[in-house]
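# Results of the structural survey
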Amino acid sequence: MSTIIDGKKISEMVRQEYAEEIKRLAGMGVVPGLAVIIVGDDAPSKIYVRNKGIACQQVGIHSEIIEMPEETEQSELIEKIQQLNERKDIDGILVQVPLPKHINPEVVVASISPDKDVDAFSEINVGKIMIGRQRFLPCTPAGVIELLKRYNIEISGKECVMVGRSDIVGKPMAMLLMQNDGTVTICHSKTKNLAEITRRADILVVAMKKSRYIKADMVKPGAVVIDVGMNRDENGKLSGDVDFDEVSKVASYITPVPGGVGPMTITMLLKNTITAAKHNHGIE
Ligand code: GUN
């Protein structure tokens, strides 16, 4: 049986540390501020955004949720972002995706000041990750690294296999594993003999958006398995990309869904907002 990596517990612990840090900053007259913009009525996005606001409140970050209607023009959204770029009390800006179809997310992200891009989605921040000079780490991959560290799981020299090559998770996750001296292989939907490669992994990270796809015979006994998947069935029940019941019998460590990587994503957003505030106020 494997050890279950408790993302909820670690997340609470880490958030407490951030609350202390924010108290210290408050003593210096700095209150980190985060603006979250949501355009339209996507129901899951509304829940994510609400949770981001609650998390900010918990640790003492000032947050503003800006709701814009579905029919908002791209130019109006960009104008709003430009106003937030100028504000001294706002350190981080996040535009929730998906955006309505008539809005180009790349143009929108490019309009966020790189110093306030707490998602680390902009070309400049993505480029910095490539060369290991990042100020912000994208929240989900950063959350995975934090979980591994908190459980004292060594990455250096390990065979790391990333299943998934998205801009938000797969690619930056592979970069971070490599920065931590892992030997990294990236697999995706066109990979041949996927199981052959996943079975090589000491650390297997899965973000493929396919419910319970990774079975026990695709995992090396004793591997660490990190499930970034978040799939909802027709009854709204959540499942990961890993068949937890099967794989937990062969892995040494495994993250559950929910309660694994998920809670860490918002926690890392808090971290990035604190980092942004320190930078924007000249504190290190
Ligand atoms: N939608 C789902 N996850 C995210 C995220 O991490 N950032 C943003 N901006 N939108 C999202």
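Everything below is about the structure shown above.
Residues numbered from 1 in each chain as written. Predicted model: local features only at pLDDT ≥ 70, side-chain atom pairs only at ≥ 80, totals over all residues. Heavy atoms only, no water.

### Remarks on the packing of helix H6 (residues 139–150) against helix H7 (residues 170–179)
To be explicit about the condition: Interaxial angle, 0 to 180 degrees, is taken between N-to-C directions of lines fitted to C-alpha atoms, where a helix line uses only the stretch in contact. A run of DSSP states H or I qualifies as a helix once it reaches four residues; a run of E qualifies as a strand once it reaches two. Both are numbered from the N-terminal end. By definition, any crossing whose near helix is turned counterclockwise from its far helix by less than a right angle is left-handed, and any crossing with a clockwise turn is right-handed. In what follows, residue pairs with any heavy atoms lying within 4.5 Å of each other are defined as contacts. For this scheme, ten residues count as nonpolar: Ala, Val, Leu, Ile, Met, Phe, Trp, Tyr, Cys and Pro. Four count as charged, namely Asp, Glu, Lys and Arg, and the remainder, Gly too, count as polar.
Taken N-terminus to C-terminus, the directions of H6 and H7 make an angle of 35°; their axes are 9 Å apart at the nearest point. Where H6 crosses over H7, the handedness of that crossing is right-handed. Mapping the contact onto sequence places Pro141, Ala142, Val144, Ile145 and Leu148 in H6 and Pro172, Met173, Leu176 and Leu177 in H7. When its residues are assigned to classes, the contact of H6 with H7 shows 9 nonpolar, no polar and no charged.

### A look at the site of the ligand
Applied cut-off: The cutoff for a nearby residue is simple: one of its non-hydrogen atoms must lie within 4 Å of the molecule or strand. N or O atoms within 3.5 Å of each other form a polar contact, as long as, within protein, one can give a hydrogen and the other can take it, and as long as residues adjacent in sequence are counted only when both atoms are side-chain atoms. In these tables, accessible area is a Shrake-Rupley quantity obtained with a 1.4 Å probe, and a residue counts as shielded only by the protein chains included in the view.
As a structural note, the neighbourhood of the ligand is formed by Leu94, Val95, Gln96, Val97, Asp119 and Phe121. Gln96 places a polar side-chain atom, nitrogen or oxygen, 3.1 Å from a nitrogen atom of the ligand. Contacts to the ligand include Val97, whose backbone N or O atom sits 2.9 Å from a nitrogen atom. Look at the ligand: alone it shows 280 Å² of surface, and the protein chains cover 78% of it. Taken together, the residues that form the shell around the ligand break down as 4 nonpolar, 1 polar and 1 charged.

### Some points on the side chain of Thr267
Secondary-structure assignment places Thr267 in helix H10 (residues 262–280). Here the side chain of Thr267 touches Arg15 through a polar contact of 2.9 Å, side chain to side chain. Not counting residues within four places of it along the chain, the set of residues in contact with Thr267 comprises Ser11, Val14, Arg15 and Tyr18.

### Examining the pairing of strand S2 (residues 33–39)
Test applied: Think of it in three bands: residues with accessible area under 20% of the maximum for their type are buried, residues over 50% are exposed, and the middle band is partly exposed, with areas taken using a 1.4 Å probe on protein chains only. Strands qualify as paired when DSSP identifies two bridges or more between them.
In terms of burial, S2 is a largely internal element, 7 of the 7 residues being buried. Of the two faces of S2, the one holding Gly33, Ala35, Ile37 and Val39 and the one holding Leu34, Val36 and Ile38 are both buried throughout. Alignment of S2 against strand S3 (residues 62–68), held across 7 bridges, turns out to be parallel. Paired with Val39 across the bridge in S3 is Met68. Note that S2 and strand S4 (residues 92–95) share 4 bridges and pair parallel. Note that in S4 the partner of Leu34 across the bridge is Gly92.

### A closer look at the sheet that holds strand S6 (residues 183–187)
Read from one edge to the other, the open sheet built from 6 strands follows the order S1-S11-S8-S7-S5-S6, with strand pairing classed as parallel. On the outer flanks of this sheet lie strand S1 (3–4) and S6, each paired with one strand and no other. Relative to strand S11 (residues 253–254), S1 is paired through 2 bridges, and the arrangement is parallel. Bridging from a neighbouring strand, Ile4 pairs with Ile254 of S11.

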